[in-house]
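Given next are the chains, with one letter for each unit.
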Amino acid sequence: MSPETNEKNGPKIELTWQKVFTWMLVANLIYVLIFYLIMKTFN
Amino acid sequence: MQTIDWIVLIGALLFIVIYGTWKTRNQNKSVKNYLKADDSNWFAIGLSVMATQASAITFLSTPGQAFHDGMSFVQFYFGQPIAIVIICLVFIPIYHRLNVYTAYEYLESRFDQKTRTLTACLFLIQRGLAAGITIFAPAIILSAVLGWPLVWLNIIIGVLVIIYTVSGGTKAVSVTQKQQMAVMMGGMAVAFTILIYALPKDINFSNAMSIAGAGGKLNVLDFSFDLENRYTFWSGIIGGTFLALSYFGTDQSQVQRYLSGKSLRESQLGLIMNGFLKVPMQFFILLVGVMVFVFYQFNASPLNFSPVATQAAYESEYADEYHKLEKELELNFEEKKLLAMEYGLASENERAGLKEQIVLADQKEGDLRNQGKEILKKANDKLEIKDRVEINDKDYVFIHFVLNHLPRGIIGLILAMALSAAMSSTASELNALSTTTTIDLYKRNVQDKSEDHYVKMSKWFTLLWGVMAILFASVADLFDNLIQLVNIIGSIFYGNVLGIFLLAFFVRFVRSNAVFIAALITQVVVIYGWWVDWMPYLWLNLFGAVLVIILASILQIFLSKDSN
């Protein structure tokens, strides 16, 4: 995929497979970790 | 309902409709302007995607689900971010490069017109029926608890949506969804805050979470491989990815939302925003349900939260039996209330013994509720099919709390939230149905007309689909278990459509004739499989997708040999 960098508006982020996948993975691992901690703390 | 509630409710809904209509009054200049409106930024797209996915049932039913079964439902959404990565990096770049209005348009450039038409028709059947249910599902709940006439509720929701969707097209849908999302999330945040403050003085949020934990409501994650258990980490990752891929990648009601982006990147970022926020949003809605559970540890609750079901039990020959169960529930509640208070304030060491007692009291409450449902089943069996009542009360838990325990004005806000959610989903559906009918069927076959003509036809199609949705919602009550029927219809068509798209994107050697024949055979086989009950209907999705891919690949090999 060719990144678009000439936009005047909007954030200047180049999207690549690696970046999007990593963001999603990290965010969702954090969610799962939070859920796990909630279970451990309050159960 | 007090005057202030009516003012908040009518004010919020009218503001959204009038603002949406006024703001998009000049969107009629061209088909592109009216149906695509591709000038949205990523934030508007993200909100629009989320508002389309969140129907009234999301806000009315999900808290009830947490109340009864805990928070494990959130795992159902774990696959969504994975699907979104695939859609952002494979589907959206192709849709943008070809500058399509609908997902099905792409199928003509990859295969041929007949495959495009077939897929568009499958979408129209499935989504046309679902649009009626999007209106009917909240209308039946609200009419049961508020006593409003069901048909009028269907008409009001439908007409409000038709006004701004016909007037401003895609842009009106997107503009109003910003306000609707604000009302939805604002309503949930207010309900959550009031719930925390409505707990006894000594019970803070942390104590409340401990009480919910003791009641088994915080088992968010389940890593078991139990196929009987619908919501596990693995079913969420595998089944959730598959379903989200179908919904976000091939369903025009979602595809149209992100195609309104002003650039490829804005579309991708808008969808990615949903990938980040969907799980926390669903977690929050479930958390509201868990707090409703904690609230009802300190406040009496009915044996069945549905007023219609309760009334049916009172009027049946089993009324005495039902009243006896209600008395037992009351006694159990008094006992549980003391235990919950003690548990909330106890130290870590003291909690172990108390927890066992809470679990026992919870089990007893669950048994009593189930016995109540058994009585309702017996009462139902003696009634005509059309007079039978819904026994499962999860849809009524949250609205019961809202109507009986929230202050004036806030009730109006929560009702505005439910109706906004219904309107936002319906608007996207009507918009997508109209766009598919105009672009894939009408404009494709009736060419050489003016822009103005196609815009006018799009408006007529939006109106037509809107009227059909209202009509369908109005007769829906006559059918037994209609929501399940619509889900079954979805499962019958969804898998086949996803399979066709996966072939288009990933199996390069397959050509149009092979796909078209495979899709027709698959559809017949899937319908037959459902008819003879081969598998639970949710699995028909996966079955349809896999079958069309395998059949098309095999057919292509044979067709290629023939042509050689």
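Treat the numbers as computed from the prediction; the structure is a model and nothing was measured.

## Observations concerning the overall build of chain A
Looking only at helices and strands, chain A has one helix and zero strands in total. For chain A, the residues scored as buried account for 26% of the 43 residues in total. If you sum the accessible surface of chain A, you get close to 3,100 Å²; carbon and sulfur atoms cover 65% of it.

## Re the side chain of Asn 332 of chain B
All names here are of chain B. You can see Asn 332 is positioned in helix α14 (residues 319-345). With relative accessibility at 3%, the residue Asn 332 sits in the buried group. A polar atom in the side chain of Asn 332 sits 3.1 Å from the backbone oxygen of Ala 361.

## Quick notes on the interface of chain A and chain B
Each partner contributes residues to the interface: chain A has 26 residues there, and chain B has 33 residues. For the pairing of chain A and chain B, the buried interface totals around 2,800 Å² over both sides, and the portion due to carbon and sulfur atoms is 75%. It is Met 24, Phe 35 and Phe 42 of chain A in chain A that bury the most area against chain B; as a group they hold 24% of the surface buried on that side. Across the side of chain A that touches chain B, the residue classes break down as 17 nonpolar, six polar and three charged.

## Some words on the domain arrangement of chain B
Residue and element names in this part refer to chain B. Assigned domains of chain B: these are domain 1 (3-296 + 404-474), domain 2 (316-392) and domain 3 (481-564). Contact residues are listed per partner, giving 32 residues for domain 1 and 31 residues for domain 3. Between domain 1 and domain 3, roughly 2,800 Å² of surface is buried when both sides are summed, and carbon and sulfur atoms account for 82% of that area. Counting the surface domain 1 buries against domain 3, the share from its top three residues, Arg 110, Phe 111 and Phe 242, is 21%. Inspection of the domain 1/domain 3 interface yields zero salt bridges. The set of elements that each furnish at least two residues to the side of domain 1 that touches domain 3 consists of α5 (80-98), α6 (103-110), α7 (113-146) and α10 (233-250). Of the residues assigned to the side of domain 1 that touches domain 3, the class counts are 22 nonpolar, five polar and five charged.

## Overview of the packing of helix α8 (residues 150-198) of chain B against helix α17 (residues 410-445) of chain B
Residues and elements named next belong to chain B. In the contact formed by α8 and α17, the axes pass within 5 Å of each other and the chain directions differ by 140°. Judged on the interaxial angle alone, α17 and α8 are oblique. α17 is crossed by α8, and the crossing has left-handed handedness. The class makeup of the residues in the contact of α8 with α17 is 24 nonpolar, 11 polar and no charged.

## What about the packing of α5 of chain B against α10 of chain B?
Residues and elements named next belong to chain B. Where α5 contacts α10, the two axes come as close as 8 Å, and the packing angle between them is 30°. Comparing the axis directions of α5 and α10 gives the class roughly parallel. Pair α5 / α10 crosses with right-handed handedness. Here α5 contributes Gln 80, Ile 82, Ala 83, Ile 86, Ile 87, Phe 91 and Tyr 95 to the contact with α10, which in turn contributes Ile 237, Gly 240, Thr 241, Ala 244, Leu 245, Phe 248, Gly 249 and Thr 250.

## Comments concerning the pattern of salt bridges
For side chains bearing opposite charge, pairing can occur when the charged atoms are close. All names here are of chain B. Per the stated rule, a full pass over the model turns up 17 salt bridges over all chains. Close ionic contact of Lys 171 with Asp 39 constitutes a salt bridge, the shortest N to O distance being 2.9 Å. Taken together, the residues Lys 171 in helix α8 and Asp 39 in the loop between α2 (31-36) and α3 (42-53) connect sequence positions 132 residues apart. Under the relative-accessibility criterion, Asp 39 is labelled partly exposed at 45%. Overlapping salt bridges, with partners in common, bring together Glu 108, Arg 116, Asp 440 and Arg 444 in one network.

## Here we look at the nonpolar core
All names here are of chain B. If you look at the biggest cluster of nonpolar residues, it comprises 181 residues, and the most contacted ones within it are Tyr 95 and Phe 398. Among the elements that line this core, the one with the most residues is helix α12 (residues 264-298), at 19 residues. Residues within four places of Phe 398 in sequence aside, it is in contact with Phe 59, Leu 60, Pro 63, Met 188, Ala 191, Val 288, Val 292, Ile 414 and Met 417. In this structure, Leu 329, Leu 376, Ala 379 and Val 389 belong to the second largest nonpolar core, which totals 14 residues.

## Section: the packing of aromatic side chains
Residue and element names in this part refer to chain B. Applying the stated criterion to the full structure yields 40 aromatic pairs over all chains. Between Tyr 528 and Trp 534 the ring centres are 5.6 Å apart and the planes differ by 80°, which places this aromatic pair in the edge-to-face class. Ring pairs connect the aromatic residues Phe 91, Tyr 95, Tyr 104, Tyr 106, Phe 123, Phe 501, Phe 505 and Phe 506, which therefore count as one cluster. Directly above the aromatic system of Tyr 343 lies the positively charged group of Arg 351, at a separation of 4.9 Å from the ring centroid.

## Overview of α5 of chain B
All names here are of chain B. Taking 1.5 Å per residue as the helical rise, α5 with its 19 residues ought to reach 27 Å, and the 25 Å between its terminal C-alpha atoms agrees with that figure. At Ile 87, α5 shows its largest bend, some 40°. Asn 99 sits one or two positions beyond α5 and adopts a positive phi of about 55°.

## Points about the side chain of Thr 232 of chain B
With respect to the helices and strands, Thr 232 of chain B occurs in the loop between α9 (205-214) and α10. In contact with Thr 232 of chain B, other than residues within four places in its own chain, are Gln 75, Asp 222, Ser 224 and Asp 226 of chain B.

## Quick word on unusual backbone geometry
All names here are of chain B. Even without a glycine there, the phi angle at Ala 37 is positive, about 45°. With respect to the helices and strands, Ala 37 occurs in the loop between α2 and α3. For Asn 99, which is not glycine, the phi dihedral falls at a positive 55°. Locating Asn 99 in the fold gives a position in the loop between α5 and α6. We classify Asn 99 as partly exposed; its relative accessible area is 42%.

About the cut-offs
Residues numbered from 1 in each chain as written. Chains lettered and ligands numbered in written order. Predicted model: local features only at pLDDT ≥ 70, side-chain atom pairs only at ≥ 80, totals over all residues. Heavy atoms only, no water. Helix = DSSP H or I, 4+ residues; strand = E, 2+ residues; numbered from the N terminus. Buried < 20%, exposed > 50% of the residue type's maximum accessible area, 1.4 Å probe, protein only. Areas by Shrake-Rupley, 256 points an atom, 1.4 Å probe, with all protein chains shown as cover. Polar contact = N/O pair within 3.5 Å; in protein donor to acceptor, adjacent residues only side chain to side chain. Contact = heavy atoms within 4.5 Å. Buried area = accessible area lost by both parts, 1.4 Å probe. Nonpolar A, V, L, I, M, F, W, Y, C, P; charged D, E, K, R; others polar. Domains from an automatic or database assignment. Salt bridge = Lys/Arg side-chain N within 4 Å of Asp/Glu carboxyl O. Axes fitted to C-alpha atoms, helices over the stretch in contact; angles between N-to-C directions. Parallel < 35°, antiparallel > 145°, perpendicular 65-115°, else oblique. Left-handed = near helix turned anticlockwise from the far one by under 90°. Core = buried A, V, L, I, M, F, W, Y, C linked by side-chain atoms within 4.5 Å. Phe/Tyr/Trp six-rings, centres within 6.5 Å; stacked < 30°, edge-to-face > 60°. Lys NZ or Arg CZ within 6 Å of the ring centre and 35° of its normal. Expected span 1.5 Å × (residues − 1). Bend = angle between axes of the 7 residues up to and from the residue.

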